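# Architecture at a glance
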Amino acid sequence: MLESFRTHKRILLIVLFVLVVPSFVFLGIADYQSFSNSDVPLASVRKNDITQSQFDQSWRERLNQLREQNGSNFNINAVDTPANRQIWLDQLVDNQVLQQEMVDRHFNATDNMVRQAIASTPEFQDNGKYSFQKYSQFLAERNIRDIDYEQYVRQNLAFAQLLEPVANTVAVPAQTAALLQTAMTQERTVRLKNFEAAAYEQSVQVTDAEVAAWYEKNKQSLEIPAHVNVDYIVLNQEAALKTVADVSDADIESYYKSNIAKYTKKERRQINHIQIQIPAGADEAAQKAAQDKAAEVAQKARENPDSFAELAKTYSDDAGSKNQGGSLGTLSKGDIAALDAAAFGPAEPGITDPVKIDNAWHVLQIARIEPGEVEPLDRLKDSLKKEIQLQQASEKFADLSTKLTQLSSTERDSLQPLADALQLEIRHVSGVGESALLPKEEAGDNAAIDSKDAAYFESGRVRETLFSDEVRRQNKNSGVIEISPSELMVVHVAKDIPAAVPALNDVREIVLDRIRDEKGRQQAAEDGASELAMLKEKGPGELTGFGKEQTISRLTQSQLPPAMLNAIMNAPSDALPAFVGFDLPNGYAIAQIEKVTEPTEQARGMFDQYLRQAMVAGTGAQAAQSVTRMIRQSHDVKIHPEAAKVINDAAGNQ
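Remember, predicted model here, so these are calculated numbers, not experimental data.

### Side note on the packing of aromatic side chains
Applying the stated criterion to the full structure yields 12 aromatic pairs. Seen in terms of ring centroids, Phe55 and Trp59 are 6.5 Å apart; in terms of plane orientation they differ by 25°. Their pairing is stacked. Taken together, the residues Phe55 and Trp59, both in helix H2 (residues 52-70) and four residues apart, mark about one turn of the helix. Per residue, the accessibility class of Phe55 equals that of Trp59, and both read buried. Members of the aromatic cluster, connected to one another through ring pairs, are Phe124, Tyr130, Tyr135, Phe138, Tyr149 and Tyr152.

### Here we look at the sheet that holds strand E14 (residues 427-433)
Spatial strand order, E14-E6-E16-E15: four strands in an open sheet with antiparallel pairing. Pairing within the sheet leaves two strands with one partner each, and these edge strands are E14 and strand E15 (481-484). On average, adjacent strands in this sheet sit at an angle of 40° to one another, irrespective of strand direction. Direction of pairing for E15 relative to strand E16 (residues 487-497): antiparallel, over a ladder of three bridges. Counterpart to Ser484 in the pairing with E16 is Glu487. Contacts between helix H16 (residues 377-410) and the sheet are confined to strand E6 (227-235) and E16, with E16 contributing the most and set at about 35° to the helix.

### Concerning the pattern of salt bridges
In this structure the tally under the stated criterion is 30 salt bridges. Across the pair Arg191 and Glu594 runs a salt bridge whose closest N-O atoms are separated by 2.6 Å. Residue Arg191 is located in strand E5 (residues 187-196), and its partner Glu594 is located in strand E19 (residues 587-597); the two are separated by 403 residues in the primary sequence. What makes Glu594 partly exposed here is its relative accessible area of 25%. For Arg269, the salt bridge goes to Glu267, with nearest N and O atoms at 2.4 Å. When its relative accessible area of 29% is taken as the criterion, Glu267 is described as partly exposed.

### Notes on unusual backbone geometry
Residue Pro577 follows Leu576 across a cis peptide bond; omega there is 0°. Phi at Asn127 takes a positive value of approximately 55°, unusual for a residue other than glycine. Relative to the assigned elements, Asn127 resides in the loop between strand E3 (125-126) and strand E4 (129-130).

### Re the packing of helix H13 (residues 284-303) against helix H14 (residues 308-315)
For the pair H13 and H14, interaxial distance at closest approach is 10 Å and the crossing angle is 155°. What the angle tells us is that H13 and H14 run roughly antiparallel. Crossing hand, H13 versus H14: right-handed. Counted together, Lys293, Val297, Lys300 and Ala301 of H13 and Phe308, Leu311 and Tyr315 of H14 form the full contact between these two elements. Residues that form the contact of H13 with H14 fall into these classes: five nonpolar, no polar and two charged.

### As for the environment of Lys495
Among the secondary structure elements, Lys495 is positioned in strand E16. Residue Lys495 is classed as exposed on the basis of its relative accessible area of 51%. A sequence separation of 343 residues divides Lys495 from Tyr152, and the C-alpha atoms of the two residues are 48 Å apart. Leave out the neighbours within four places in its chain, and Lys495 touches His227, Val228 and Asn229.

Rules and cut-offs
Residues numbered from 1 in each chain as written. Predicted model: local features only at pLDDT ≥ 70, side-chain atom pairs only at ≥ 80, totals over all residues. Heavy atoms only, no water. Phe/Tyr/Trp six-rings, centres within 6.5 Å; stacked < 30°, edge-to-face > 60°. Helix = DSSP H or I, 4+ residues; strand = E, 2+ residues; numbered from the N terminus. Buried < 20%, exposed > 50% of the residue type's maximum accessible area, 1.4 Å probe, protein only. Pairing = 2+ DSSP bridges. Axes fitted to C-alpha atoms, helices over the stretch in contact; angles between N-to-C directions. Contact = heavy atoms within 4.5 Å. Salt bridge = Lys/Arg side-chain N within 4 Å of Asp/Glu carboxyl O. Parallel < 35°, antiparallel > 145°, perpendicular 65-115°, else oblique. Left-handed = near helix turned anticlockwise from the far one by under 90°. Nonpolar A, V, L, I, M, F, W, Y, C, P; charged D, E, K, R; others polar.

Now the structure itself:
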């Protein structure tokens, strides 16, 4: 149950972030007046303009954020709508209003408040402590100056001073909270009986007249959406490799000799040690005593090498290794340079004479020697050839990508000149829709969804490009699309296919399946409703077909279909067992409610800890939004006529 509470909390926090956090748009310089005065103003707050450049840049950054968050599921045409653009402009206006209100009321955040806010940000912490390295990395990845980010934090802290007092005055009535608490945490023990539509479909009879009638009534549901067939070229490592000349044996040998260190396995030795520390400020006598002690320990170790671990535990002053038998691990020459002469001088395993390093004597045990080896050329020949070719391909790729970029800007009508100049294959796929790839049966031959390159066309960015005005309607080559730093693509619409309803003969089997499914669900619902009526009238008697007992609640069973969960949790429970039925996508089901368990103290406590606070915060956020709207009325806000064109601009231009 705790995990369920956490899940709900995460969802609520996402909602609250949208509601509570002021709609400040971080543009790199936190000043709306930093743009050119010649920009077209879309709105103004008093004498401060919000320009088209500001709107375009901030909206483009927002779309890019959503694109990164949603990956291939991002559909710009579903997001870049007039309604969402209007909301975004309203947020910019609200932000400017709140900025002006902060100036009027002299709200500000001190340098110390800014420092504390940055230091307490989890993203900038390492093991709970502020990490300057993580903060710097965050700024570098986003190409943000520290002074601009600090101004952003300062402004949000000032926003909090303006709006938090409003949000904090909100309280949810105790009775409302108690009712919600019970509804969310009450548990019910049930048994389920399913009436699967599939079980009825085998006996369903369908006539030709029914097929024709269903088709006429529902044919729009069979419409194949508008889509394009695509020609495209891909420049990647594989393509670059094809342009690389064969590698000669002489080239392989030269490469091997130049990189011999890569193919040389270093000698490694397992080293244990006993450290005898020379006291700080030791006189000559004390230094001699330490040396003598080291010599004595070395002698004992030579007499009984198996006792080295015990000797280390007894005599060594190195707290980090003494209880591990004095182990320094398996070392290569240079790992601990000061020990190289002593550790790698002897040809055989054994105990060394004491060696003085800095302010201590060390007795070393060479426990095991792993000899070094140079891997012979004959064994490496094939892998070296591939390695050389990959290096040459990498260099070739840089040249080819430059040429591709240049050619794609001049050769706009066909991919053939690009393919010829760069020795690239023109590939073909069909069935690329604006929001998704068509199923194979709708796309036909070379279906993109069934192609080895399907991942390219599952990218929202590639589909956006294909359905842009220039590529789709003007039938031009696209520019270079960067799939990854080492994978580039140019696309061309080979055929633009409008949405169309297929003829009945082409979809007859689909229609038959739909009718059978509908009749199966109808029969399942009728049988289920009939049994439900009988159970309510005569009682459970001897139940047949019901599953095992299970306990559910709104918190722990969020995976149940909403219709099922709501029907069970809303059913009257004054007389048990109680029965309730509900339609499901795959048929019908009856639930026998056997027991109702009121919330435990643990469940109530978790509700209070997570959901009650989130409920209060959400209500407070809505109150803060209302106050923002009230403040806006006193700040001489004007929306200029030019805003309408920007708001209604076509999707896909970002």
